[in-house]
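Chain residues, written in single-letter form:
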Amino acid sequence: MEQQTKAMLSIEDLMIWYKTYRGYAKVVDGISLEVFPGEKVGLVGESGCGKTTTMKAIMQTLPADIIHVPQGEIWFEGQNVLTMTKEQLLKMRRTGVSMISQSPLSALNPVFTVGEQLMDIIKYSGQYSKANKKEMREVALEAISSVMLPDPERIMNSHPHQLSGGMRQRICIAAALVTPKHLLIADEPCSALDVTIQDQIHRMLRVLVEEKQRALVMITHSLGVARELVDRIFIMYGGTIVESCYISDLFSNPSHPYTVGLLECVPRLTGGGLSTGIYGYVPDYINPPKGCRFCPRCSKAMDICREQKPSPVEIAPGHHVACFLYGDRAQEKEAQNKTDYKAHGEGG
Amino acid sequence: MLRFIGKRLMMGVLVLIGTSMLIFVIARVVPGDVAMIALGARATESAREALREELHLNDPLPVQYVIWLGNVLQGDFGNSFITRRPVADDVRQFFPATLELVFMSGVFIVLGAFSLGMLAGKYKNTWVDGLIRVLSYVGIAFPAFVVGIVLLLIFGHNFQIMPILGRISPGVAPPTHITGFFVLDGILTGNFAAAGNAFLHLLLPSFALALGPLVQSARILRSSLVDNSNKEYMSVSTAAGLPPSLLTRKYLLKPSAGPTITVMGLDFSALLGQAFLVERIFNWPGLSRYGINAMLNKDLNAISAVVLIIGITFFLVNFIVDIIIVFIDPRMRIGRESV
Amino acid sequence: MIGVTQEATAIAKKKGWLSPSTKENFRIYKYKFTRNRLSVFGLALVAISLFFAFFALQIVPFPEHIGAFVDHANANNPPSAVHWFGTDNVGRDVFSRVIYCFRGALLMSIVVLAISVPVGTVLGLIAGYNHGRPVDTVIMRITDVFLSIPALILALSIASILTPNMMNSMLAVTIMWWPWYTRLVYTQSSSVAKEYFVRNAELIGASKFHIIIKEILPNCFSPIFTKMALDVGWVLLMGAALSFVGLGEQPPIPAFGQMIADGSRLMPQNWWLTLFPALGIAFMILGFNFLGDGLRDMFDKGGH
């Protein structure tokens, strides 16, 4: 299906390194992903696996002096973000992509009122006439009420430190949604919110994407959130994408050992005791494992995993796994199970 | 806000009462026999006894303090041991000169620190930043009195393009007294020749005083700018597509200005201290030169007056700085109100 | 579950994923200090200053010129091969005198800090641990009073009322220096005193003395050390200012400020009389400032 449409966002073999005192930390290690118009995509992985770094690379808001991008391309609506001029970049940020920050407590400027910050975003989006202050104010008030915050007037005149963490998080969401954009990147937008509000925000995001062929990239820890909201999912581990598939495949046929472990970590309401989970921690990025980055923690690791990096293999239409357990054997499997996967593919 | 100001003023008055006790101890208790210092060893015992009576030196210390403080509050600091004039008259004559000098230094510091700091922050890790850094090392390493001597040498002796000593050239009559600020008085009375001349006299000493605090605050501003530019809110505002100039001018500068202004207020203490030496070098007829002469001559009444007035000035400047900071950074309201 | 945790910890230790060891800590400190080449430069300047201070009499070419020495035949000579920094108006070697100034300046810094840091720290600890109680208020208000007058002016007035000499100038500077440490330690210790490990120590019945010395004080060390290194430069400046107006070391023993003051009267002809002492003091101040900056970087928790 997606073969016909052109991807809105496509990242190709991107690497991002941070300079540290011990050398480069290879935080993002060759990832590729595509997002199509009208699509809701999830990006799941442990803390520190490079999700936020990748998304900030799209916005070009990583600290330029400690960042090194040895290879890769980021294409947004036909333009390479990495080679954009300043004007093109500004245009992309104003009308193309918006991002909801992960850390609500530090995402708002502490010395300006919420209203002032929202008004600036509206003013410079280029979508409202600068003279019409009243209209812009209406838009800001509307954005605040749209994230279910009571008394928008009072909130407009508040400084961030006068608001609670949950309120600030909703302000961040409002700030990202206040002017219409094509692609919305939500970096764990609901981490500090009640389940009820979380649910409403998710519903709002879904409507926003579906009504105008927009796209959403949702970064989350939670597979539950992903299942509820997204069409396609990318599982990241240690700066690499280990598995990508339609959301239904993830639960019916998790393939990468890391994904399997991740799913086992999800507590089930039906009970059944605690799972075995995954041993260990995310890898050391400065001296990463030579082969597969997951192999020190992998129960099925083979000799080849310690020597070579696995490249993604399509084990079913739209279902890629970067693991040596698949590879050559994948084709046989694919032949056997072709019919099953087709059904899933259509469903996504 | 009003509560904050009121609280801060009350604290200030309490501290100033403490300050007055400290000054009293320095001027009346530490020296030992005040009459001996005031009149010298050759005075007769009866003359000394008369002075002791006059200064209430035979009363118990707390009584002495209360009498002294009562007089001070009425603006009576007693007579100078050296000139025999009332100290209050001397203070009134000399204080405007020091205020003018210090005010001009303040202008240098604020303008210089913000422009250099922003330049260094904008071009961080380039030669511009490096040059400003070297300048800041010069400002740290050479005390104001050395800078003063060097300026005196360069402009006064080698090039002779700048008047160097005093407030106004000997041939120029000072403008009519209104505020005591020569430049301001000159402008107010339309005596622009005198104003211009006084302004030229003002430049070198105030720059000598300003250089150290100026470069210091510029460095602070530079590092705040760099720190804050890595904050998440800058990344968010950048991602929102705000123009780069607005980001720097508004979203980055305002949160960074707080620490810089705090440091300026604290540096003001060093500036008032260094004024004692700089006024001496430039023969500036101000309160500080008067104060240092008083110190070298053990003129106890004059010392206590000068120190108290400098203490009050320092308090007022920091009070203003606090109010500015609270205005700039609303987060500070909570922290400072509870102090 | 415990078994799993232990196994995981063991694996993590083997792989070096856990918090850094002492050796690694040292490596991080060394990296953070040496990352800025100026810190290393500062360390070198400080080492040279110490060398000058300790061995001044052994290394200078004319030790006798440090005191009251007169040689009118060689007076007012500009710098030359024999007198590197020239001679003064009574024919004394300026180089020898400048090097000797390092000793007095360093002595002053050491004495001032050796007295004011412990006094200020103890008062700050007492006030900080008793945060909000009357003893806190009394100590901190007295501190405020001392900080309410610019340091140099307070030191000048005290020194001027006492007999002008080296001892009294040190005393004057010491009297106004301790409050800075009281305030620094107070800020640090009053926040540490709220931490759980202090509460826990109280709960298990540790004595106040034990809590202050063993639990709170170690958490104040890094700001104290950093401030000390930076303060050496400030004490030097203060000392130079005092001796500049004649309230420090008395002639014929030289001091930086005194030499600059004497030399400035013979400006601009005998420029070397002012320049070299000024460079001498700049040498020391820069050294200690760079060293202090390096220490601050080293103790800084952030960075890469």
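Residues numbered from 1 in each chain as written. Chains lettered and ligands numbered in written order. Predicted model: local features only at pLDDT ≥ 70, side-chain atom pairs only at ≥ 80, totals over all residues.

1. What about the overall build of chain A?
In step 1: Summing up its helical and strand segments, chain A has 12 helices and 13 strands in all.
In step 2: Relative to its 348 residues, chain A shows a buried fraction of 43%.
In step 3: Here the contacts in chain A between residues at least 6 apart in sequence split such that 63% fall between residues at least 24 apart. (Helix = DSSP H or I, 4+ residues; strand = E, 2+ residues; numbered from the N terminus. Buried ≥ 20, exposed ≤ 12 C-beta atoms within 10 Å, placed from the backbone. Contact = placed C-beta atoms within 7 Å.)

2. Some thoughts on the confidence of the model for chain C
Residues and elements named next belong to chain C.
In step 1: Mean pLDDT over chain C works out to 83, with 90% of the residues at or above the 70 mark.
In step 2: Per-element confidence in chain C is highest for helix 4 (residues 94–129), whose mean pLDDT is 92, and lowest for helix 1 (residues 2–15), whose mean pLDDT is 55.
In step 3: Scoring the predicted complex yields pTM 0.82 and, for the interface, ipTM 0.85. (pLDDT = per-residue confidence, 0-100.)

3. Observations concerning the sheet that holds strand 7 (residues 97–100) of chain A
Residue and element names in this part refer to chain A.
In step 1: With mixed pairing, eight strands are arranged side by side in an open sheet as 7-8-9-3-10-11-13-12. Edge positions in the sheet fall to strand 7 and strand 12 (313–316), since each of these pairs with one other strand and no more. Sheet twist, expressed as the average angle between the axes of neighbouring strands with direction ignored, equals 20°.
In step 2: Sheet analysis places strand 3 (residues 40–44) next to strand 9 (residues 215–220), joined by five bridges and oriented parallel. For K40, the partnering residue across the bridge sits in strand 9 and is L216. (Pairing = 2+ DSSP bridges. Axes fitted to C-alpha atoms, helices over the stretch in contact; angles between N-to-C directions.)

4. Considerations on the pairing of strand 5 (residues 73–76) of chain A
Residues and elements named next belong to chain A.
In step 1: Residues of strand 5 alternate between two faces, with I74 and F76 buried on one and E73 and W75 left unburied on the opposite face.
In step 2: As defined by bridge partners, strand 1 (residues 9–20) adjoins strand 5 across four bridges and the pair is classed as antiparallel. Note on strand 5: the bridge partner recorded for S10 is W75.
In step 3: Taken together, the two bridges between strand 5 and strand 6 (residues 79–80) define a ladder with antiparallel strand orientation. Along strand 6, the bridge assignment pairs F76 with Q79.

5. Overview of the nonpolar core
In step 1: The biggest cluster of nonpolar side chains holds 271 residues, and the ones touching the most others in it are I58, I185 and I235 of chain A together with A155, M238 and I285 of chain C.
In step 2: A total of 17 residues in this core trace back to one element, the largest contributor, which is helix 4 of chain C. (Core = buried A, V, L, I, M, F, W, Y, C linked by C-beta atoms within 7 Å.)

6. Overview of helix 9 (residues 192–229) of chain B
An α-helical segment advances 3.6 residues per turn. Residues three or four places apart therefore align on the same side.
Residues and elements named next belong to chain B.
In step 1: Relative to the 56 Å expected for 38 residues at 1.5 Å per residue, helix 9 spans just 46 Å between its end C-alpha atoms, considerably shorter than the ideal helical length.
In step 2: Considering bend angle alone, the principal kink of helix 9 is centred on A210 and spans about 40°; proline P213 follows within four residues of it.
In step 3: Taken across its 38 residues, helix 9 has 29 buried, putting it largely inside the fold. (Expected span 1.5 Å × (residues − 1). Bend = angle between axes of the 7 residues up to and from the residue.)

7. Topic: unusual backbone geometry
In step 1: The residue after P251 of chain C, namely P252 of chain C, is reached through a cis peptide bond having omega 10°.
In step 2: Here P252 of chain C is to be found in the loop between helix 10 (221–244) and helix 11 (256–264).
In step 3: In this structure, M148 of chain A takes a positive phi of about 60° despite not being glycine.
In step 4: Along the chain, the position of M148 of chain A falls in the loop between helix 4 (133–146) and helix 5 (152–156).
In step 5: On the basis of neighbour count, M148 of chain A is assigned to the partly exposed category, with 15 C-beta atoms found within 10 Å.
In step 6: Despite not being glycine, K298 of chain B shows a phi value in the positive range, around 55°.
In step 7: With respect to the secondary-structure elements, K298 of chain B resides in the loop between helix 12 (287–296) and helix 13 (300–328).

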